[in-house]
Amino acid sequence: MQNLVNSWFSVVLAVVFASVAVWCFVPQENDGAIIRYTKYALGVNFAVSSYMLVGPPIVIETDLSWMGMAGFSSGPFIVLDNSWDWPDYVLRHEYQHFCQQAILTPLVSGVLSKVSLFINLIIYRDWHEAYINTWHERDAREHEEDGFEFDYIGGK
Ligand SMILES: [Zn+2]
């Protein structure tokens, strides 16, 4: 996946996703409780993606050493471990996950990464190999050294 975020394509997609979000939040007369709350959840999903397609990620630095992670990306947030002086490629790697979620929406991106992990567990029969070979991780690794510059809120 190339850097489609903050391109003309992402502006168009952001408008489409925002429209879907608005539709989800407008209650319909015949919607029961389950349909109504499902649509609210989908509305949040599309609204978050709409922001991510045109807005900067929000970087939060905190101690993640207890989790054994350099960082992770969730919706508009990129969380990085502040217990070490993280190199730029760590932020770039997590930004690629941000882009994946912006375009696929957090919900679809999350489901696809779980399906990909499950299939890889059958293929590799090893948790680490399965994880690092998911499409999401391969895509993020391919871009982490590409020198792409982007704006973000917070961080160092
Ligand atoms: Zn990753």
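Being a predicted model, the structure only gives us computed values, none of them experimental.

## Description of the overall build of the protein
Here comes step 1: Counting its regular elements, the protein contains six helices and four strands.
Here comes step 2: From first element to last, N terminus to C terminus, the protein shows the α and β order α-α-β-β-β-α-α-α-α-β.
Here comes step 3: By residue count, 24% of the 156 residues in the protein fall in the buried class.
Here comes step 4: A separation of at least 24 residues holds for 54% of the contacts in the protein among residues at least 6 apart in sequence.

## Some points on helix α4 (residues 106–124)
Here comes step 1: Between its terminal C-alpha atoms α4 stretches 26 Å, which fits the 27 Å expected from 19 residues at 1.5 Å a residue.
Here comes step 2: Taken residue by residue, α4 has P106, S109 and N120 as its buried positions. For α4, the angular spread of buried residues about the axis comes to 60 degrees, placing them on one side. Exposed and oriented more than 90 degrees from the buried face of α4 are V111, K114, V115, F118 and I122.
Here comes step 3: Residues of α4 that are buried in the fold lie against α2 (33–54), α3 (88–104) and α5 (127–132).
Here comes step 4: Positive backbone phi, at 55 degrees, marks R125, one or two positions downstream of α4.

## Looking at the nonpolar core
Here comes step 1: Grouped together as the largest cluster of nonpolar side chains are 17 residues, with contacts concentrated most on L53, I78, F98 and A102.
Here comes step 2: If you list the elements that add at least two residues to this core, you get α1 (8–25), α2, β3 (77–81) and α3.
Here comes step 3: Element by element, the count of residues in this core is highest for α3, at five residues.
Here comes step 4: Discounting residues that sit within four places of it in the chain, L53 has contacts with V5, S10, L13, A14 and A102.

## Re the environment of V11
Here comes step 1: Considering the arrangement of structural elements, one finds V11 in helix α1.
Here comes step 2: For V11, a count of 12 C-beta atoms within 10 Å corresponds to the exposed category.
Here comes step 3: For the pair V11 and Y51, spaced 40 residues apart in sequence, the C-alpha to C-alpha distance is 9.9 Å.

## What to know about the pairing of strand β1 (residues 58–62)
Here comes step 1: Note: β1 against β3, five bridges, orientation parallel. Along β3, the bridge assignment pairs T62 with D81.
Here comes step 2: Bridge count between β1 and strand β4 (residues 153–154): two bridges; the pairing is parallel. Directly across from V59, in β4, lies its bridge partner G154.

## Digging into the sheet that holds β3
Here comes step 1: Read across the open sheet, the four strands follow the order β2-β3-β1-β4; overall the sheet is mixed. Every other strand in the sheet has two partners, leaving β2 (71–74) and β4 as the edge strands with one partner each.

## Description of unusual backbone geometry
Here comes step 1: One non-glycine residue, T105, lies in positive phi territory at about 75 degrees.
Here comes step 2: Taking the C-beta count within 10 Å as the criterion, T105 has 24 such neighbours and is therefore assigned buried.
Here comes step 3: Here the phi dihedral of R125 falls at roughly 55 degrees; this positive angle occurs in a residue that is not glycine.
Here comes step 4: Positionally, R125 belongs in the loop between α4 and α5.
Here comes step 5: Note on R125: 9 C-beta atoms within 10 Å, which makes it exposed.

## Observations regarding the packing of α1 against α2
Here comes step 1: Interhelical geometry of α1 versus α2 gives an angle of 160 degrees and a closest axis separation of 8 Å. As summarised for this structure, α1 and α2 are arranged roughly antiparallel, according to the angle between their axes. Handedness of the α1/α2 crossing: left-handed. Taking contact as the criterion, the partners of S10, V11, L13, A14, F17, A18, V20, A21, C24 and F25 in α1 are, on α2, K39, Y40, L42, G43, F46, A47, S49, S50, L53 and V54.
Here comes step 2: Broken down by class, the residue content of the contact of α1 with α2 amounts to 15 nonpolar, four polar and one charged.

Basis of the calculations
Residues numbered from 1 in each chain as written. Predicted model: local features only at pLDDT ≥ 70, side-chain atom pairs only at ≥ 80, totals over all residues. Helix = DSSP H or I, 4+ residues; strand = E, 2+ residues; numbered from the N terminus. Buried ≥ 20, exposed ≤ 12 C-beta atoms within 10 Å, placed from the backbone. Contact = placed C-beta atoms within 7 Å. Expected span 1.5 Å × (residues − 1). Arc of directions from axis to C-beta. Core = buried A, V, L, I, M, F, W, Y, C linked by C-beta atoms within 7 Å. Pairing = 2+ DSSP bridges. Axes fitted to C-alpha atoms, helices over the stretch in contact; angles between N-to-C directions. Parallel < 35°, antiparallel > 145°, perpendicular 65-115°, else oblique. Left-handed = near helix turned anticlockwise from the far one by under 90°. Nonpolar A, V, L, I, M, F, W, Y, C, P; charged D, E, K, R; others polar.

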